[in-house]
Amino acid sequence: LGELQEILQDAFKVVTDFDTENASDDEDTDSLIFDREEGEDGTPSTPTVLFPSHGDSELSKERDELRQALQDAKRELGQAKSQAAIDKEDNQKEKLKLRALNEDLQDRLGKRDEEL
């Protein structure tokens, strides 16, 4: 528990709050900024990059693609729910028709039995 607490305290020292007032327009508002750690010689090192293989344009392109895919999935889900509601309603109507037909046939059968 003590070791985990030390790790968390070290992490909180590294992570600083993102200042949205001083952010430029091209920065992601959901980003976290990591403090620069000093190297052995006392000079600041480069900040930690979480996804170094992705450039800003690639990230925004991927984000747009994911948002579009999410919108498409939501639209398809809505259509599927709508179709399911229609199918449910149709099934209920069919059941009511079958019950009415069944009752009619039972009534007829009862009448025929009485006649015989």
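Residues numbered from 1 in each chain as written. Predicted model: local features only at pLDDT ≥ 70, side-chain atom pairs only at ≥ 80, totals over all residues. Heavy atoms only, no water.

Now for the overall build of the chain. Each helix and strand counted, the chain has two helices and two strands in total. For the chain, the α and β elements follow one another from N to C terminus as α-β-β-α. Split into buried and exposed, the 116 residues of the chain put 2% on the buried side. Within the chain, counting contacts between residues at least 6 apart in sequence, those at least 24 apart form 3% of the total. On the chain, roughly 11100 Å² of surface is accessible, and the fraction owed to carbon and sulfur atoms is 51%. (Helix = DSSP H or I, 4+ residues; strand = E, 2+ residues; numbered from the N terminus. Buried < 20%, exposed > 50% of the residue type's maximum accessible area, 1.4 Å probe, protein only. Contact = heavy atoms within 4.5 Å. Areas by Shrake-Rupley, 256 points an atom, 1.4 Å probe, with all protein chains shown as cover.)

Looking now at a nonpolar patch on the surface. Taken together, the side chains of L4, L8 and F12 define a hydrophobic patch exposed on the protein surface, amounting to about 340 Å² of accessible area. Inspection of the secondary structure assignment puts L4 in helix α1 (residues 2–14). (Patch = residues over 30% accessible without salt bridge, like charges linked within 9 Å, V, L, I, M, F, W, Y side chains within 5 Å. Salt bridge = Lys/Arg side-chain N within 4 Å of Asp/Glu carboxyl O.)

We now examine a negative patch on the surface. Where like charges cluster on the molecular surface, the negative patch consists of E58, E62, D64 and E65. By the secondary structure assignment, E65 is in helix α2 (residues 56–115). (Lys, Arg positive; Asp, Glu negative; His and termini not counted. Charge placed at Lys NZ, Arg CZ, Asp CG, Glu CD.)

Next up on the list: the pattern of salt bridges. Should their charged atoms come close, side chains of opposite charge can pair. Overall, the coordinates contain four salt bridges when judged by the stated rule. The salt bridge partner of D72 is R75, with a shortest N-O separation of 2.4 Å. Here R75 and D72 lie together in helix α2, a separation of three residues that amounts to about one turn. The exposure class of R75 is partly exposed, given its relative accessible area of 46%. Across the salt bridge formed by E115 and R112, the nearest N and O atoms sit 3.2 Å from each other. Linking E115 with R112, this pair stays in helix α2, spanning three residues, or about one helical turn. Since its relative accessible area comes to 54%, R112 is described here as exposed.

Everything listed here is a matter of geometry and, on its own, says nothing about what the molecule does.
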